[in-house]
Amino acid sequence: MPHIVKSTILDAPTDAAWSVLRDFNGHDRWHPAVATSMIERAQPSDKIGCVRRFKLKDGSELREQLLALSDLEQSFSYCLLDTPVPMFNYVAHVRLLPVTDGDRTFWHWESRFTTRPEDKDRITHMVAEDIYQAGFEAIRRHLKEAASSWP
């Protein structure tokens, strides 16, 4: 069972990063792989159990369900319901922590899933690099752009 753990430091306060990440339906505004996103049944994007359906820029569609969300701990968990990729039982956790030296943010993102043995290396690389690392870099740019537009 692959276990992916990635983390980074963002040069932004945790509240700024959390305001972007806590929107379970907002990743189409910052993640480079996501073209469109919507919450099914018009539920709020912070309702535990809500399902987001999104389309990637390559045209594939996925569905994920919000399992937990804590503003106090600045964390959330979600699982993958439907994907064209041969991965199963995918559950991910995101957690932000303050880095008091410079008012920065530590972002921890991890997941576990199962897949066929012959797909393990390819899918692990895809999740770690194309999803997580690309997400880190995109949030970094997004927060920098947002900060430059503040008065």
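To be clear, the structure that these remarks concern was listed above.
Keep in mind it's a predicted model, so treat the numbers as computed, not measured.

Visitor: Please set out the sheet that holds strand β6 (residues 87-99) residue by residue, giving values where relevant.
Guide: Read from one edge of the open sheet, 7 strands run β1-β7-β6-β5-β4-β3-β2, paired in antiparallel fashion. Of all the strands in the sheet, just β1 (3-10) and β2 (34-39) have a single pairing partner and so form its edges. Sheet twist, expressed as the average angle between the axes of neighbouring strands with direction ignored, equals 20°. In terms of strand pairing, β6 meets strand β7 (residues 104-115) through 11 bridges, oriented antiparallel. Paired with Ala92 across the two strands is Ser111, which belongs to β7. The strands touched by helix α2 (residues 120-148) are β1, β6 and β7; relative to β1, the strand with the most contacts, the crossing angle is about 15°.

Visitor: Run through the environment of Asp130, naming residues and quoting values.
Guide: Following the sequence through the fold, Asp130 ends up in helix α2. Its relative accessible area of 44% is what places Asp130 among the partly exposed residues. Placed 97 residues apart in sequence, Asp130 and Ala33 show a C-alpha to C-alpha distance of 8.0 Å.

Visitor: Account for the pattern of salt bridges, with residues named and values stated.
Guide: If charged atoms from side chains of opposite charge come close, those side chains can pair. Evaluated as defined, the whole model comprises 15 salt bridges. Between Glu40 and Arg63 there is a salt bridge, and its shortest N-O distance comes to 2.7 Å. Here Arg63 lies in strand β4 (residues 61-70) and Glu40 lies in the loop between β2 and β3 (51-56), a separation of 23 residues in the sequence. Given a relative accessible area of 14%, Glu40 falls into the buried group. Given a relative accessible area of 19%, Arg63 falls into the buried group. The residue Asp82 makes a salt bridge to Arg63 at a minimum N-O spacing of 2.6 Å. Taken together, the residues span a long stretch of sequence, with Asp82 in strand β5 (residues 75-82) and Arg63 in strand β4 at a distance of 19 residues. Owing to a relative accessible area of 36%, Asp82 belongs among the partly exposed residues under this scheme.

Visitor: Give a description of the environment of Asn89 that names residues and reports values.
Guide: If you trace the backbone, Asn89 turns up in strand β6. For the pair formed by Asn89 and Ala134, sequence separation is 45 residues and the distance between their alpha carbons is 22 Å. A polar atom in the side chain of Asn89 sits 3.1 Å from the side chain of Thr114.

The rules behind these values
- Residues numbered from 1 in each chain as written.
- Predicted model: local features only at pLDDT ≥ 70, side-chain atom pairs only at ≥ 80, totals over all residues.
- Heavy atoms only, no water.
- Pairing = 2+ DSSP bridges.
- Helix = DSSP H or I, 4+ residues; strand = E, 2+ residues; numbered from the N terminus.
- Axes fitted to C-alpha atoms, helices over the stretch in contact; angles between N-to-C directions.
- Contact = heavy atoms within 4.5 Å.
- Buried < 20%, exposed > 50% of the residue type's maximum accessible area, 1.4 Å probe, protein only.
- Salt bridge = Lys/Arg side-chain N within 4 Å of Asp/Glu carboxyl O.
- Polar contact = N/O pair within 3.5 Å; in protein donor to acceptor, adjacent residues only side chain to side chain.

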